[in-house]
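# Working through the structure, step by step
Each chain, letter by letter, is given below.
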Amino acid sequence: MTDINHQQSATELALTEAIHPEWDEPIICRVEVDLPSWLSQLAGGKDWEVYSEAEEENCISFAMREIAVKAPKLAEVTLYHNGYAVVDVEGQSLFDGSLTAGTSDCAHLTYYHADSGEKIILN
């Protein structure tokens, strides 16, 4: 019975690959984050701005500050290229985890064909 299931699965996989040849193409996954809105969710406050950024080989870090307040809070947001993020506000860790796990409405995944740059729409 197991061999029949394996044969059926292999047949279904071959059929799926024939129907969806685009799955054999390399794709790019891009994580887009609305940093001011996300920081407002995590730390409170209404308006945040990026005042500097630094790019490393495996991540990009943003120095942010609250605006339109007398004593603005300062934050550092580090986004790693693998979808992981770390957020510190006033030296306190507020987030340390994956953005791709659906933990925030401010982060969105978008997929593109690597060769053409055309956006891939998922159902």
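Our subject is the structure that appears above.
Notes on the structure follow. Everything numeric here is computed off the predicted structure, so don't read it as measured data. Starting from 1, residues in each chain are numbered consecutively following that chain's sequence as written. Per-residue local features are limited, in this predicted model, to residues with pLDDT of at least 70; the limit for side-chain atom pairs, both in listing and counting, is 80 or more; totals at the level of whole chains, interfaces and linings are taken over all residues. The basis for every side-chain value is the complete set of non-hydrogen atoms in the structure, without hydrogens or water.

### Details of the overall build of the protein
Defined as follows: Secondary structure elements are defined from DSSP: runs of H or I of at least 4 residues count as helices, runs of E of at least 2 residues count as strands, and each element is numbered from the N terminus. Remark: exposure states derive from per-residue accessible area (1.4 Å probe, protein chains only) relative to the maximum for the residue type, with buried under 20%, exposed over 50%, and partly exposed in between. In what follows, a contact means two residues having at least one pair of non-hydrogen atoms within 4.5 Å. Each accessible area is a Shrake-Rupley estimate made with a 1.4 Å probe; only the visible protein chains count as cover when residues are assessed.
Regarding its fold elements, the protein presents two helices and eight strands. Secondary structure elements in the protein, listed N-terminal to C-terminal, are α-β-α-β-β-β-β-β-β-β. Across the 123 residues that make up the protein, the buried fraction comes to 26%. Sequence separation of at least 24 residues holds for 39% of the intrachain contacts in the protein that already meet a minimum separation of 6. In the form shown here, the protein has an accessible surface area of approximately 8700 Å², with 50% of it arising from carbon and sulfur atoms.

### Description of the sheet that holds strand β8 (residues 119-120)
The test is simple: Two strands pair under a simple rule: DSSP has to find at least two bridges between them.
What the three strands build is an open sheet, ordered β1-β7-β8; its pairing is antiparallel. With partners counted over all chains shown, the strands left at the sheet margins are β1 (27-33) and β8, one partner each. Pairing of strand β7 (residues 107-113) with β8, which is carried by two bridges, proceeds in the antiparallel orientation. When the bridges of β8 are listed, Y111 appears paired with I120.

### Regarding the side chain of E66
Spelled out, the test is: Positive charge is attributed to Lys and Arg, negative charge to Asp and Glu, and no charge count is given to His or to the chain ends. Salt bridges, as used here, are contacts in which a Lys or Arg side-chain nitrogen is within 4 Å of a carboxyl oxygen on Asp or Glu.
For E66, the location among the structural elements is in strand β3 (residues 59-66). There is no salt bridge for the buried E66, and the closest opposite charge comes from K73, which lies 5.0 Å off by N-O distance.

### A short note on the nonpolar core
Heads up, the condition is: In this text, buried Ala, Val, Leu, Ile, Met, Phe, Trp, Tyr and Cys residues form a nonpolar core when linked through side-chain atoms within 4.5 Å.
One finds W38, L39, M64, V77 and L79 to be the most contacted residues of the largest nonpolar core, which totals 18 residues. Those elements that provide at least two residues to this core are α2 (35-43), β3, β4 (74-80) and β5 (84-89). The biggest single contributor to this core is α2, with four residues. Non-local contacts of L39, meaning those with residues more than four positions away in its chain, are made with G44, W48, M64, A75, V77, V87 and V89.

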